[in-house]
Amino acid sequence: MSQQAPIADLSYRNYDGPKTLETKRWWVIARNGLRVSFKKKSLWVLLALASLPYLFLLFFLFMGTFGGEMMSEQLGDFRGLMLGAYSSAFWPLMIALLVGAGSIAADNRANALQVYLSKPVTKRDYLVGKWLAIFMVVFGAYFLPMFIVTSYQAFDTGIIEFMKSDGIIFAAMPILAAIPATLHASLLVGISAWNKTPWIVGVIYAGLYFFSTIFANILASAIDTTEVTEATLRHLSIEGLIAGIGQFILNTTPRSLTPGMTVDTMPSALPLLLVAASLIVVGISVARARIRAVEVVHG
Amino acid sequence: MITIQRASRWYGQVIGLNDVTCDFNPGITALLGQNGAGKSTMLKLITGQLRPTTGDLTVFGERPFSNPKVYERIGYCPETDSFYEDMTGRQFVTLMARMAGVASRNVDSIVANTLEKVGMADRCDKKIAGYSKGMRQRIKLAQALTHNPEVLILDEPLNGLDPVGRRELQEMLKGLAAEGKTIVISSHILHEVEQMTRHIVLLHKGRLLALGDVGEIRGLIDKHPHRVHVEMAGAREFARKLMVMPSVLSVAFDRQNPDHVEIETAAPDDFYSEVADMVLTENIEFSAFTSPDNNLESVFRYLVSK
């Protein structure tokens, strides 16, 4: 029987328990980012809106089961249709802005880095945690609806038959979801690290996103060149990179459920991959250069 | 614990800390100085948020800059309110505890315990946005304490606390110091600091001005002789006896209060010893016997204005 004093000692006891490994500290930051994001009701609304293209596709696939020849012909290119839904990038962009614009900017505004970086957390842990929180939400926004629609189609057409014709989609889905998630997360942490106001980060990134799309289209129209080069130039924007690399991965062009809204020329993969990789590196490097606990004044 | 060797920190062409050498050991040390004296710079150097431009600074024998091993053993309470406003106090302290490495299975009880200790147990589930300055101070303290650090760095921890809160914090810090923790407190509230410690590090315009026990430092300030204020019946008779003492420099009377006398001495230890002998042999009774400038406030004023 253990020795116990007649009156229990209820005074403060210092923590002398185990401490988690340093390598897990980034996960604490990522998990907190996810918790903060999923507490926002607007995120759930945006997630629902981002799934709409896939829900429409699912609806048409379902209707196609009872539809005539014309409908089944329209739904024949499942990969193209999936890519069409995947290329609808507006709502995922809004999701990225909602979860990413304030990720570091809010900490800058609150001077929270002073406290965060006084804990046994390295700059790398902090950056990885913040990056991962954005990445996981955007990844989920792409991956889940894709997975549901693809699974439905696989069961509807028969697993074996589907795997023969479109089985690559199952393997490609994580990569497809990772491309926009990586691009958005890397660029947003880069811009967010340099700001103290989340809405300004949102405006800058949205501006960059849409301006790059307009610029790429003008560039492609202005230069008289081959169809492939023109298609490549047209994809030299954040939105275009996501769609273009998606085409390369699924080896098809996006198709729409609306007749006539199809693109037939695929862009070259290499320039798009190089530009995407450069943007990712620049975004992360810029964030890493800026993240510090104190404001250093240069006199 | 903390060793600073000729450390300087420049911000571009502005110097924040200039060639400072000192040590911080277990117990409470007050880091004092006017605005811009370099207190916050020194704290940021100790907590590894800045690197000295020249010189060296070690905590537990290691350089703290970008060194998480050192941060595990440090608790830092910054001057600014560094929070997510839409988090509750409990959520914030829990996050900080997890970042400090407190194991998941222990974190809830440890956080509850710490919040209880800083007097926030009943208000910790409200959003920080609605907290008063005092409540924010308590939450900042809680996040610095959760992982049981060996070194506590507190930047203006008394700001915004009510008198009861200050007293509670003082008692808590004294308790932690008695456990062997090294506590560095930067503060402007000198009389409150004085109730916690007599050991000071005084900075002025980025330079180290004084270091050590307040009493010892006071004794070394020759320019301002030590003043002793006495109230008693027969003050003039007592003053006459004092005049023969070699330690006494001057005696002054108050025209309004004939029972009051103020003595200036250059050797306070000798003076107190001689007066004690006189009190015992001649059975003298005092109504009051105080030293108005033997406190931190005076030491600070004398050193900074010299």
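As a reminder, the structure under discussion sits directly above these lines.
Because the structure is predicted, anything quoted here is derived from the model rather than measured.

What counts and how
- Residues numbered from 1 in each chain as written.
- Chains lettered and ligands numbered in written order.
- Predicted model: local features only at pLDDT ≥ 70, side-chain atom pairs only at ≥ 80, totals over all residues.
- Helix = DSSP H or I, 4+ residues; strand = E, 2+ residues; numbered from the N terminus.
- Buried ≥ 20, exposed ≤ 12 C-beta atoms within 10 Å, placed from the backbone.
- Contact = placed C-beta atoms within 7 Å.
- Axes fitted to C-alpha atoms, helices over the stretch in contact; angles between N-to-C directions.
- Parallel < 35°, antiparallel > 145°, perpendicular 65-115°, else oblique.
- Left-handed = near helix turned anticlockwise from the far one by under 90°.
- Nonpolar A, V, L, I, M, F, W, Y, C, P; charged D, E, K, R; others polar.
- Expected span 1.5 Å × (residues − 1).
- Arc of directions from axis to C-beta.
- Pairing = 2+ DSSP bridges.
- Core = buried A, V, L, I, M, F, W, Y, C linked by C-beta atoms within 7 Å.

S.K.: Would you mind going over the overall build of chain B with me for this structure?
M.R.: Within chain B one finds eleven helices and 13 strands. If one aligns the C-alpha atoms of chain B with their principal axes, the spans along those axes are about 70 × 45 × 30 Å. In chain B, which comprises 306 residues, the proportion classed as buried is 43%. Summarising the internal contacts of chain B: among those between residues at least 6 apart in sequence, 68% fall at separations of at least 24.

S.K.: Just checking my understanding: could you explain the packing of helix α11 (residues 168-193) of chain A against helix α12 (residues 198-222) of chain A for this structure?
M.R.: When two helices pack together, their arrangement is given by the angle between the helix axes and by the axis-to-axis distance. Residues and elements named next belong to chain A. Between α11 and α12, whose axes approach to 9 Å, the crossing angle comes to 135 degrees. The pairing of α11 with α12 is recorded here as oblique in orientation. The two elements α11 and α12 meet at a crossing, and its hand is right-handed. Between α11 and α12, the contacting residues are L187, L188, I191 and S192 on the first element and V201, I204 and Y205 on the second. The class makeup of the residues in the contact of α11 with α12 is six nonpolar, one polar and no charged.

S.K.: Please explain helix α15 (residues 269-290) of chain A as it appears in this structure.
M.R.: Residues and elements named next belong to chain A. With 22 residues, α15 extends 32 Å from end C-alpha to end C-alpha; this agrees with the ideal 32 Å at 1.5 Å per step. Of all the residues in α15, the buried ones are L272, A276, G283, I284 and A287. The buried residues of α15 occupy one face: seen down the axis, they fall within an arc of 90 degrees. Exposed residues lying more than 90 degrees from the buried face of α15 are L270, L274, S278, V281, S285 and A289.

S.K.: Can you walk me through helix α3 (residues 52-64) of chain A in this structure?
M.R.: A turn of α-helix holds 3.6 residues, and therefore any two residues three or four places apart point the same way. Taking 1.5 Å per residue, 13 residues should reach 18 Å; α3(A) reaches 18 Å between its end C-alpha atoms and fits that length. Those residues of α3(A) hidden inside the fold are in contact with α5 (78-86) and α9 (123-157) of chain A.

S.K.: Honestly, the environment of B:D269 in this entry has me stumped. Any pointers?
M.R.: All names here are of chain B. Along the chain, D269 turns up in helix α10 (residues 268-282). With 12 C-beta atoms counted inside 10 Å, the residue D269 sits in the exposed group. In the structure, D269 is positioned 22 residues away from S247 in sequence and 9.0 Å away in space, judged by C-alpha atoms.

S.K.: Would you take a moment to explain the sheet that holds strand β12 (residues 260-265) of chain B for this structure?
M.R.: Sheet strands associate in pairs through backbone hydrogen bonding, adopting either a parallel or an antiparallel arrangement. All names here are of chain B. Judged by pairing direction, the sheet is antiparallel, and its four strands sit side by side in the order β11-β12-β10-β13 without closing on themselves. At either margin of the open sheet sits one strand with a lone partner, and together these are β11 (248-253) and β13 (288-290). Put simply, the sheet's adjacent strands are angled 15 degrees from each other on average, direction ignored. Inspection of the sheet shows strand β10 (residues 226-231) paired to β12 by six bridges, in the antiparallel sense.

S.K.: Can you help me understand the sheet that holds strand β9 (residues 207-213) of chain B in this one?
M.R.: Residue and element names in this part refer to chain B. Strands sit in the order β5-β6-β7-β3-β8-β9 across an open sheet of six strands; the sheet is mixed. The open sheet terminates on both sides in strands that have one partner only, identified here as β5 (74-77) and β9. Strand after strand, the sheet turns through a mean of 15 degrees between neighbouring axes, direction not considered. Contacts from helix α5 (residues 133-145) reach β5 and β6 (151-155) within the one sheet, and its direction differs from that of β5 by about 170 degrees.

S.K.: What exactly am I supposed to notice about the nonpolar core here?
M.R.: Soluble, globular proteins show a tendency: their nonpolar side chains are buried together. Residues A:I134, A:V138, A:V189 and B:I153 are the most contacted members of the largest nonpolar core, which totals 146 residues. When near neighbours in sequence (up to four residues on either side) are disregarded, A:V138 contacts A:P92, A:I95, A:A96, A:P180, A:A181, A:H184 and A:A185. Counting eleven residues, the second largest nonpolar core, distinct from the first, contains B:V228, B:V248, B:F271 and B:V275.

S.K.: Even after reading the chapter, I still don't get the pairing of β10(B), so can you show me in this structure?
M.R.: Regular strands place side chains that alternate from one sheet face to the opposite one. Residues and elements named next belong to chain B. Judged by which residues are buried, β10 turns out to be one-sided: H226, V228 and V230 face inward and are buried, whereas R227, H229 and E231, on the alternate face, are not. Pairing of β10 with β13 involves three bridges; the strand directions are antiparallel. Looking at β13, one finds that H229 is bridged to T290.

S.K.: So what exactly am I meant to see when it comes to the pairing of strand β1 (residues 2-11) of chain B here?
M.R.: All names here are of chain B. Bridge analysis of β1 against strand β4 (residues 54-59) gives five bridges, and the strand direction is antiparallel. Bridge assignment links S8 to a residue of β4, and that residue is T54. In terms of strand pairing, β1 meets strand β2 (residues 14-24) through seven bridges, oriented antiparallel. Paired with W10 across the strands is I15, a residue of β2.

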